[in-house]
Amino acid sequence: MQVERIEEMRLTADDEVQINALILAAFDDSFGDRSFHQQRHHVRLVVREANEIIGHMAICYRVIRLGTQLVTVAGLAEVATSPSRRGKGIAGAMLTAAITEVERTRAKFFILFGNRPIYAGRGFEVASNRVKYTDMTGANTAATSLSSDNELMVMAMGDEPWIGALPVDLLGSKF
Ligand SMILES: CC(C)(COP(=O)(O)OP(=O)(O)OC[C@H]1O[C@@H](n2cnc3c(N)ncnc32)[C@H](O)[C@@H]1OP(=O)(O)O)[C@@H](O)C(=O)NCCC(=O)NCCS
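These notes cover the structure that comes with them.

### Observations concerning the site of the ligand
Then step 1. Lining the immediate surroundings of the ligand are 17 residues, of which A91, G92, G114, R116 and G121 lie closest.
Then step 2. Broken down by secondary-structure element, the contributors of at least two residues to the shell around the ligand are β4 (69-81), α2 (90-103) and α3 (117-121).
Then step 3. A per-class count over the shell around the ligand returns 7 nonpolar, 6 polar and 4 charged.

Spelled out as structure tokens, the structure:
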């Protein structure tokens, strides 16, 4: 299975239309006509079948505050496989490619907000940090919010351990 890597600034209009259709089928209509939920990402990973995008993941590269320290992280978002193609390892193949992608960066941690078994199976661990972020639901900036909903999952990319007791400031929206 070939996982294609697309830089955000190289996304075509047609790819964005296809990604929008895929994530609308996987989630809800809060994506509007966008190929991203709240803000653009940096890299997309897609799987195509007969020119149709049937799998998608987005990776963003950010700095966040963990306790008092600024820490570079990568974030995983917009994970979706076409409903008729699920259970065939498409998300698994994209996740392998995503981890390889992040290993090539200086990110100390790979983080996501989600709770699917596939993440724990690949080494992401649930983290209980209180997370401060800017609520940008519907692509409108709203209030600053705090959450500790146990949807945060973290993979350490090096020797430094993640500390679940420290507050996290995302310095922007969730992804
Ligand atoms: C989640 C989703 C992307 C999985 O896509 P997929 O291509 O069917 O995934 P795979 O075929 O690689 O794996 C299928 C299942 O096998 C299991 N699996 C695969 N690799 C695994 C591993 N290494 N360890 C444990 N379980 C594993 C998981 O149960 C996994 O799916 P799940 O996490 O949804 O239960 C797909 O169900 C989807 O689009 N769901 C709707 C959108 C969504 O929930 N996105 C994630 C938001 S956090």
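Structure shown, so let's carry the discussion forward.
### Some words on the environment of I118
Then step 1. Examined against the element boundaries, I118 turns out to sit in helix α3.
Then step 2. Distance in space between the C-alpha atoms of I118 and A91 is 8.3 Å, their sequence separation being 27 residues.
Then step 3. With sequence-adjacent residues up to four places away left out, I118 is seen in contact with A91, G92 and L95.

### Points about the pairing of strand β3 (residues 52-66)
Then step 1. As paired elements, strand β2 (residues 43-49) and β3 share 7 bridges and run antiparallel to each other. Note on β3: the bridge partner recorded for V46 is H56.
Then step 2. As paired elements, β3 and β4 share 11 bridges and run antiparallel to each other. Bridged to V63 within β4 is T72.
Then step 3. Between the antiparallel neighbours β3 and β4 lie 2 residues, among them G67 with a positive phi of about 65 degrees.
Then step 4. Relative to strand β10 (residues 168-169), β3 is paired through 2 bridges, and the arrangement is antiparallel. The residue bridging R65 from the neighbouring strand is D169, located in β10.

### Considering helix α1 (residues 13-26)
Then step 1. The terminal C-alpha atoms of α1, which comprises 14 residues, lie 20 Å apart, in line with the 20 Å expected from a rise of 1.5 Å per residue.
Then step 2. Here α1 has its buried residues at I19, L22 and I23. Seen from one end, α1 has its buried residues packed into an arc of 90 degrees, which puts them on one side. Residues of α1 that are exposed and point more than 90 degrees away from the buried face comprise A13, D14 and A25.
Then step 3. The inward-facing, buried residues of α1 abut β3 and β4.

### Focus: the nonpolar core
Note on soluble globular proteins: their nonpolar side chains tend to be buried together.
Then step 1. I59, M94 and A98 are the most contacted members of the largest nonpolar core, which has 46 residues in total.
Then step 2. Elements supplying a minimum of two residues to this core: α1, β2, β3, β4, α2, β5 (109-113), β7 (131-134) and β9 (152-156).

### Notes on α2
Then step 1. In a regular helix each residue adds 1.5 Å, so 14 residues correspond to 20 Å; α2 covers 20 Å between its end C-alpha atoms and thus fits that length.
Then step 2. Taken together, the buried positions of α2 are occupied by I90, A91, M94, L95, A97, A98, E101 and V102. The arc that holds every buried residue of α2, seen down its axis, measures 165 degrees, which confines them to one face. What points out from α2, more than 90 degrees from its buried face, is the exposed set T100 and E103.
Then step 3. The elements touched by buried residues of α2 are β2, β3, β4, β5 and α3.

### Concerning unusual backbone geometry
Negative phi characterises most residues that are not glycine, and trans characterises most peptide bonds.
Then step 1. Of note, the phi angle at A50 is positive, near 50 degrees, even though the residue is not glycine.
Then step 2. Along the chain, A50 turns up in the loop between β2 and β3.
Then step 3. One non-glycine residue with positive phi stands out, namely A139, at about 60 degrees.
Then step 4. Counting through the fold element by element, A139 comes out in the loop between β7 and β8 (144-147).

### Comments concerning the environment of M155
Then step 1. Within the element layout of this structure, M155 appears in strand β9.
Then step 2. Since 20 C-beta atoms lie within 10 Å of it, M155 is described here as buried.
Then step 3. Considered as a pair, M155 and K108 are 47 residues apart in the sequence and their alpha carbons are 8.7 Å apart.
Then step 4. When neighbours within four sequence positions are excluded, M155 is seen to be in contact with F109, F110, G123 and F124.

Rules behind the numbers
- Residues numbered from 1 in each chain as written.
- Predicted model: local features only at pLDDT ≥ 70, side-chain atom pairs only at ≥ 80, totals over all residues.
- Near = placed C-beta within 6 Å.
- Helix = DSSP H or I, 4+ residues; strand = E, 2+ residues; numbered from the N terminus.
- Nonpolar A, V, L, I, M, F, W, Y, C, P; charged D, E, K, R; others polar.
- Contact = placed C-beta atoms within 7 Å.
- Pairing = 2+ DSSP bridges.
- Expected span 1.5 Å × (residues − 1).
- Buried ≥ 20, exposed ≤ 12 C-beta atoms within 10 Å, placed from the backbone.
- Arc of directions from axis to C-beta.
- Core = buried A, V, L, I, M, F, W, Y, C linked by C-beta atoms within 7 Å.

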